[in-house]
Amino acid sequence: MYDFLEQSTRLMQQAAELGAIDPAVADLLAAPARVVAFRIPLKMDDGSCRIFEAFRVRYNDALGPTRDGTRISPDLDLEECKALALIMSIKHAAGLIPAGGGKGGIAADPRELSRWEFERLCRAYIRYLRPMGPDYDVPGADIGTDLQSMAWMLDEYEQITGRHAPAAVNDKPTIIGGTLGGYEATGNGVFDVFREAAEESGLEIQGASVALQGFGQVGSVAALCFHEAGCRVVAVSDSRGGVYAEDGLNVPALLEHKRQTGRVAGFPGTTLITNAELLESDCQVLVPAARQGVITEDNAPRIRPRLLVEAANAPTTVEADAILMENGVIVVPDVLANAGSVHLCQMERTQGLCDDYWDLDKVSRLRRERLVGGYRSALNTAARYGVTSARLGAWINALKRIEEAVKTRGWC
Ligand code: NAD
């Protein structure tokens, strides 16, 4: 049985041991600093009332205010939020971002709610959470939330406090203080880091075969980048199944098909495949961009791309990671590959605090530089500690920074 929190904590302990992190600091990071669980009563359109479980985890704020992710999904629980908040702490620290890791959300299925019910739920999340602004904890988007959800959340915060505070909520539309390039940041960033890893490993990008699991915000933007760079996107899936075409898919046409039908299945000229088959398909680059824990010790022996680029958070278990490394698969880990959005959120914050907004060229250039810098730094650290795992390199980099902040503050 896949235990997301146990997996993330074990990875943290592995990196702490290898990186000789002070055991007291590792102990501090074995659990989140603060956890809030609350219940939201929501008036439904038909006059009835439903209660929704909601959460917010602030994992560690030694480097700065906690930030990120509001997930709205039916099976969300506190343990998932804790695991994701730990990963966010590592992602910020490994990317030299002065922030801690936060994650939260609501156990609800947005597809079962009307637009008005969903708006009331997003607003209620802020009223019941009572966030304390940009210098304490800043919610952003995640699965189940989008630009509009974050606009409602920021508006609710500003209505309650009576203050203009664009930096209080991330991932919002540009008209109310969001940053240009925010929506595409993670998908574009996945491609930035892939390109660096491909060059490093001598993989020819032109014509490289790519399979992507997940065709949402991250997967679809990344698929377009691969397509435009001349890669052959041979397989794509969503929660309803996948499609395969050996000669490559026309990604813009597939996007239009998905927009019209709500699924990738049925795209003309393709073979239907399952999500499990997609992961094991014959490709040079595999990009899991959907859920955590999809590559396990059961299927890892049959997963043989040259590069595995983790667009989703924690798609690979600790056991599977070891098998992949043993089989010579180059793993570009989540905390580096999908960090485009955390870099954009940092830029969104800086712009919001100054009320001074940047052009897309500047945002994109900084995103690329910071992502590639994080990847190179992780590889260097891994080499210094005698391993080839960029994942361990990134986690050690992050833990070292958090350790320094914790000690400088005199906490341990
Ligand atoms: P999304 O909701 O826009 O898209 C998710 C996609 O995965 C959809 O195509 C959905 O159909 C598919 N999917 C869902 N369950 C699946 C399953 N069991 N099997 C196969 N496909 C399935 O979400 P997103 O924003 O694209 O996020 C995808 C992943 O990337 C998540 O792990 C998320 O935490 C991570 N991530 C997202 C961002 C971001 O900026 N959105 C940043 C960092 C990491």
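Rules and cut-offs
- Residues numbered from 1 in each chain as written.
- Predicted model: local features only at pLDDT ≥ 70, side-chain atom pairs only at ≥ 80, totals over all residues.
- Heavy atoms only, no water.
- Helix = DSSP H or I, 4+ residues; strand = E, 2+ residues; numbered from the N terminus.
- Rg over C-alpha atoms; globule rule 2.2 N^0.38 Å.
- Buried < 20%, exposed > 50% of the residue type's maximum accessible area, 1.4 Å probe, protein only.
- Near = heavy atom within 4 Å.
- Polar contact = N/O pair within 3.5 Å; in protein donor to acceptor, adjacent residues only side chain to side chain.
- Areas by Shrake-Rupley, 256 points an atom, 1.4 Å probe, with all protein chains shown as cover.
- Nonpolar A, V, L, I, M, F, W, Y, C, P; charged D, E, K, R; others polar.
- Axes fitted to C-alpha atoms, helices over the stretch in contact; angles between N-to-C directions.
- Parallel < 35°, antiparallel > 145°, perpendicular 65-115°, else oblique.
- Contact = heavy atoms within 4.5 Å.
- Phe/Tyr/Trp six-rings, centres within 6.5 Å; stacked < 30°, edge-to-face > 60°.
- Pairing = 2+ DSSP bridges.
- Salt bridge = Lys/Arg side-chain N within 4 Å of Asp/Glu carboxyl O.

### Some words on the overall build of the protein chain
For the protein chain, the count of helices and strands is 14 helices and 13 strands. Computed over the C-alpha atoms, the radius of gyration of the protein chain is 20 Å, within 12% of the 22 Å expected from 2.2 N^0.38 for a compact globule of 412 residues. Its C-alpha atoms give the protein chain principal-axis dimensions of about 55 × 55 × 45 Å. Across the 412 residues that make up the protein chain, the buried fraction comes to 58%.

### Description of the site of the ligand
T186, F215, Q217, V218 and S239 are the nearest of the 22 residues found near the ligand. The separation between an oxygen atom of the ligand and a polar side-chain atom of R71 is 2.9 Å. N313 is positioned with one of its side-chain polar atoms (N or O) 3.0 Å from an oxygen atom of the ligand. Contact with the protein chains covers 79% of the free accessible surface of the ligand, which is 830 Å². Class assignment of the residues belonging to the shell around the ligand gives a composition of seven nonpolar, ten polar and five charged.

### Topic: the packing of helix α3 (residues 78-94) against helix α14 (residues 390-408)
Contact geometry of α3 with α14 gives a least axis separation of 8 Å together with a crossing angle of 85°. For the element pair α3 / α14, the angle class is roughly perpendicular. Contact residues: α3 offers L86, I87, S89, I90, A93 and A94, while α14 offers A394, W395, A398, L399, R401 and I402. Among the residues making up the contact of α3 with α14, the classes are represented as ten nonpolar, one polar and one charged.

### Considerations on the packing of aromatic side chains
Each aromatic ring pair is characterised by the separation of its centres together with the angle its planes make. If you walk through the whole model with that rule in mind, you get six aromatic pairs. Taking the centre distance of 5.6 Å and the plane angle of 35° together, the rings of F38 and Y125 count as tilted. Taken together, the residues F38 in strand β1 (residues 34-43) and Y125 in helix α4 (residues 115-129) connect sequence positions 87 residues apart. Ring geometry for F118 and W152: centres 6.1 Å apart, planes at 75°, overall edge-to-face. In this pair, F118 is assigned in helix α4 and W152 in helix α5 (residues 147-161), connecting sequence segments 34 residues apart. Take F118: its relative accessible area is 12%, and that puts it in the buried class. Note on W152: relative accessible area 7%, which makes it buried.

### Thoughts on the sheet that holds strand β12 (residues 307-309)
On the basis of which strands lie adjacent, the open sheet formed by seven strands has the order β10-β9-β8-β7-β11-β12-β13 and mixed pairing. Both outer strands of the open sheet, β10 (271-273) and β13 (330-332), are each paired with one neighbouring strand and no more. Recorded for the sheet is a direction-independent mean angle of 20° between the axes of neighbouring strands. Judged from the four bridges that link them, strand β7 (residues 209-213) and strand β11 (residues 285-288) form a sheet pairing that is parallel.

### Some words on the pattern of salt bridges
According to the stated counting rule, one finds 31 salt bridges in the structure shown. Across the salt bridge formed by R58 and D61, the nearest N and O atoms sit 3.4 Å from each other. In this structure D61 comes out as partly exposed when scored by relative accessible area, which is 23%. For the salt bridge of R123 with E119, the shortest nitrogen-to-oxygen distance reads 2.9 Å. Taken together, the positions of R123 and E119, both in helix α4 and four residues apart, correspond to about one turn of that helix. For the pair formed by R123 and E119, the shared burial category is buried. Through salt bridges with shared partners, a single network forms among E119, R123, R127, D155 and E156.

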